[in-house]
Amino acid sequence: MKRVVVTGMGIVSPVGCGVEYAWENLIAGRSGIRKIEDFDASELACQIAGVPVRGTEPGQYNPDAVVEPREQRKMDKCILYGVVAADEAVRDAGLDTYTGDKTRIGVSVGSGIGGLNTIYENCIELANSGPRHISPFFIPKCIINMAAGHISIKYGFKGPNVALVTACATGAHSIGEGVRLIQHGDADIMVCGGCEGAVGKIGVAGFSAMKALSTRNDDPAGASRPWDKGRDGFIMSEGAGILVLEEYEHAVARGAKIYAEVAGYGLSGDAYHITAPAEGGEGGARAMAAALKDAGLTPADVDYINAHGTSTGLGDMGELAAVKNMFAGTNACMSSTKSMTGHLLGAAGAVEAIFCVMAIRNGIVPPTINLTDPVDEVGDFDLVPNVAKKRKVDVALSNSFGFGGTNASLVMKKAS
């Protein structure tokens, strides 16, 4: 089986834009959750979210440096996030100056929800002003596959072009399917990941109606608190994570920088409930087991687990039960970076896969912040509470679970 490695990465996130900036804030335990300011949230139960800070300073979100403002008007912010993160990843991998066969470079970038705000705004326009006022760019501005489309057009990548939609597992599934396309010989390089831009009045209202979101509005930085007794829901966030995946021999031949190897990919379905996880995290456990089998590894080989860990009651407890059962007696530790980033929905799995690569590269694992009063079920399992931990990480596992009972796990390991 062909080996697949990571040769480029890019991030747009509430904790920073640019991989190094986001990682620095993550390791410092800085939260990216803030009061909502882009629209009037005063009527909503949840009035906080994680949104990239726009500006021209290093680490801020500056789409003007990547896409002309005129062209930005043709993209929902979800798609624009994906294009900006892809630009960092493509340049990081040296593909911006690549002179090889671009029919062998593909794109696998999806979203959990897509251009929700664009749809909402056009529905209002239709109701208030009629169909003549709908923009001809409405549909291509918001459909989910347009992130992959814009990325391929911008760089001339003519290989496989796909966009998966598996709710909050989208980013992880997009990476896993990119790996398989390379392994099956359909491409030498895949630009993979997820993007999301659903923080808007309709999105926050929808999740609030489900009572899924935290209402700790007076304490944004402390609102996302996985496995803590005080948790009261997750925090919606937005951004994008993009990885350049490459067949190992191809990467070596062109002298590419190799960050890590994507060694395993596992996926499963709960067949249980539209929003709640299967009892005891049974479905997620099967995805983790499948990923480890695909990698030819055992639980004892895993050093770090980046949890799905959203800060919800059922989700936290199911994943904790599955992980404790599978990794009992090992030296693995687990943390939830969503305690700082919030939940980037369809982008989460890709952003967190990048965090796993950075943990391997830097020999440090990010903390679970706000874990001041852990639930009793945690016991002595190491959830890296509040402070990052230096430790050797040769193998990291990343979990992503989504509505509809869809699960994905990725195994990243140090390239050798």
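For the structure, see preceding data.
A brief report on the enclosed structure follows.

1. Regarding the side chain of H173
Here is step 1: Turning to its location among the elements, H173 is positioned in helix α7 (residues 170-183).
Here is step 2: A distance of 2.8 Å separates a polar atom in the side chain of H173 from a polar atom in the side chain of T166.
Here is step 3: Excluding residues that lie within four positions of it along the chain, H173 makes contacts with L164, T166, Y265, L267, T406, N407 and A408.

2. Remarks on the side chain of H343
Here is step 1: Relative to the helices and strands, H343 is located in the loop between α12 (338-341) and α13 (348-362).
Here is step 2: Within polar-contact distance, the side chain of H343 engages the backbone nitrogen of L345 at 3.1 Å.
Here is step 3: Each residue touching H343, except ones within four places of it in the same chain, is listed here: C168, F234, I235, M236, S237, H308, T310, K338 and A348.

3. Comments concerning the packing of aromatic side chains
Here is step 1: Under the counting rule described, the total for this entry stands at five aromatic pairs.
Here is step 2: Relative to F403, the ring of F207 lies with its centre 6.3 Å away and its plane at 45°, an arrangement referred to as tilted. Of the two residues, F207 sits in helix α8 (residues 201-209) while F403 sits in the loop between β14 (395-402) and β15 (406-413), which places them 196 residues apart along the sequence.
Here is step 3: Classification of F207 by relative accessible area gives buried; the value is 10%.
Here is step 4: Of the aromatic side chains, those joined through ring pairs into one cluster are F207, F234 and F403.
Here is step 5: Taking NZ or CZ as reference, R3 lies 4.2 Å from the ring centre of Y248, over its face.

4. Brief notes about the packing of α7 against α13
To describe two helices that pack against each other, one gives the angle between their axes and the distance between the axes.
Here is step 1: Packing of α7 against α13 brings their axes to within 5 Å, and their N-to-C directions diverge by 70°. It follows from the interaxial angle that α7 and α13 lie roughly perpendicular. In this structure, α7 uses G171, A172 and I175 to contact α13, whose residues at the interface are G349, A350 and A353.
Here is step 2: Grouping the amino acids of the contact of α7 with α13 by side-chain chemistry returns four nonpolar, two polar and no charged.

5. Topic: α7
Here is step 1: Over its 14 residues, α7 extends 20 Å from the first C-alpha to the last, a length consistent with the 20 Å expected when each residue adds 1.5 Å.
Here is step 2: Taken across its 14 residues, α7 has 12 buried, putting it largely inside the fold.
Here is step 3: Of all the positions in α7, only T170, G171, A172, H173, S174, I175, G176, G178, V179, L181, I182 and Q183 are classed as buried.
Here is step 4: Of the residues flanking the end of α7, it is G185, one or two places downstream, whose phi is positive at about 85°.

6. Comments concerning the state of the cysteines
Here is step 1: Counted by the stated rule, this structure contains zero disulfides.
Here is step 2: With no disulfide of its own, C142 has C123 as its nearest cysteine by sulfur position, at a separation of 9.5 Å.
Here is step 3: Taking the relative accessible area as the measure of exposure, C142 reaches 7% and is therefore buried.
Here is step 4: Sulfur of C333: no disulfide; nearest cysteine sulfur belongs to C356 and is 10 Å away.
Here is step 5: Residue classification places C333 among the buried residues on the basis of a relative accessible area of 0%.

7. Observations regarding the pattern of salt bridges
Here is step 1: Summed over all chains, the structure comprises 19 salt bridges.
Here is step 2: Here D87 and R91 are joined by a salt bridge, their closest N and O atoms 2.8 Å apart. Pair noted here: D87 and R91 are both in helix α3 (residues 77-92), with a separation of four residues, about one helical turn.
Here is step 3: Since its relative accessible area comes to 11%, D87 is described here as buried.
Here is step 4: Residue R91 is classed as partly exposed on the basis of its relative accessible area of 47%.
Here is step 5: Several salt bridges share partner residues, and in doing so they unite K392, D394 and K414 into one network.

8. Here we look at unusual backbone geometry
Only a minority of non-glycine residues have a phi that is not negative, and only a minority of peptide bonds are not trans.
Here is step 1: In this model, L345 sits at a positive phi of 50°, which is unusual for a non-glycine residue.
Here is step 2: Overall, the relative accessible area of 3% leaves L345 in the buried class.
Here is step 3: Even without a glycine there, the phi angle at V384 is positive, about 50°.
Here is step 4: With respect to the helices and strands, the residue V384 is situated in the loop between β12 (364-365) and β13 (389-390).
Here is step 5: With a relative accessible area of 1%, V384 lands in the buried category.

9. So, the pairing of strand β5 (residues 105-110)
For a regular strand, side chains alternate in direction, first toward one face of the sheet and then toward the other.
Here is step 1: Along β5, six of the six residues are buried, which leaves the element largely enclosed by surrounding structure.
Here is step 2: Here β5 shows two buried faces, one formed by I105, V107 and V109 and the other by G106, S108 and G110.
Here is step 3: Here β5 runs beside strand β7 (residues 189-196); their pairing, made up of six bridges, is parallel. Looking at the pairing, G110 lines up with G194 of β7.

10. A few points about the nonpolar core
Here is step 1: In this structure, L95, V109, I151, F157, V204 and M236 are the most contacted members of the largest nonpolar core, which totals 55 residues.
Here is step 2: The set of elements that each furnish at least two residues to this core consists of β4 (48-50), α3, β5, α6 (146-155), β7, α8 and β8 (239-247).
Here is step 3: Take this core: its biggest share by element is 10 residues, from α3.
Here is step 4: Other than its neighbours up to four places away in sequence, V109 contacts A147, A148, I151, V162, A163, S174, V191, C192, G193, G194, C195 and I242.
Here is step 5: With 50 residues, the next largest nonpolar core counts V4, M9, F355 and A388 among its residues.

11. Thoughts on the pairing of strand β9 (residues 260-269)
Here is step 1: For β9, the buried fraction is high: eight of the 10 residues fall into the buried class.
Here is step 2: Examined bridge by bridge, strand β1 (residues 4-13) and β9 share two bridges and lie antiparallel to one another. Within β9, the residue paired with V6 across the bridge is A260.
Here is step 3: Bridge count between β9 and β15: eight bridges; the pairing is antiparallel. By the bridge assignment for β15, G266 is matched with S409.

What counts as what
- Residues numbered from 1 in each chain as written.
- Predicted model: local features only at pLDDT ≥ 70, side-chain atom pairs only at ≥ 80, totals over all residues.
- Heavy atoms only, no water.
- Helix = DSSP H or I, 4+ residues; strand = E, 2+ residues; numbered from the N terminus.
- Polar contact = N/O pair within 3.5 Å; in protein donor to acceptor, adjacent residues only side chain to side chain.
- Contact = heavy atoms within 4.5 Å.
- Phe/Tyr/Trp six-rings, centres within 6.5 Å; stacked < 30°, edge-to-face > 60°.
- Buried < 20%, exposed > 50% of the residue type's maximum accessible area, 1.4 Å probe, protein only.
- Lys NZ or Arg CZ within 6 Å of the ring centre and 35° of its normal.
- Axes fitted to C-alpha atoms, helices over the stretch in contact; angles between N-to-C directions.
- Parallel < 35°, antiparallel > 145°, perpendicular 65-115°, else oblique.
- Nonpolar A, V, L, I, M, F, W, Y, C, P; charged D, E, K, R; others polar.
- Expected span 1.5 Å × (residues − 1).
- Disulfide = S-S within 2.5 Å.
- Salt bridge = Lys/Arg side-chain N within 4 Å of Asp/Glu carboxyl O.
- Pairing = 2+ DSSP bridges.
- Core = buried A, V, L, I, M, F, W, Y, C linked by side-chain atoms within 4.5 Å.

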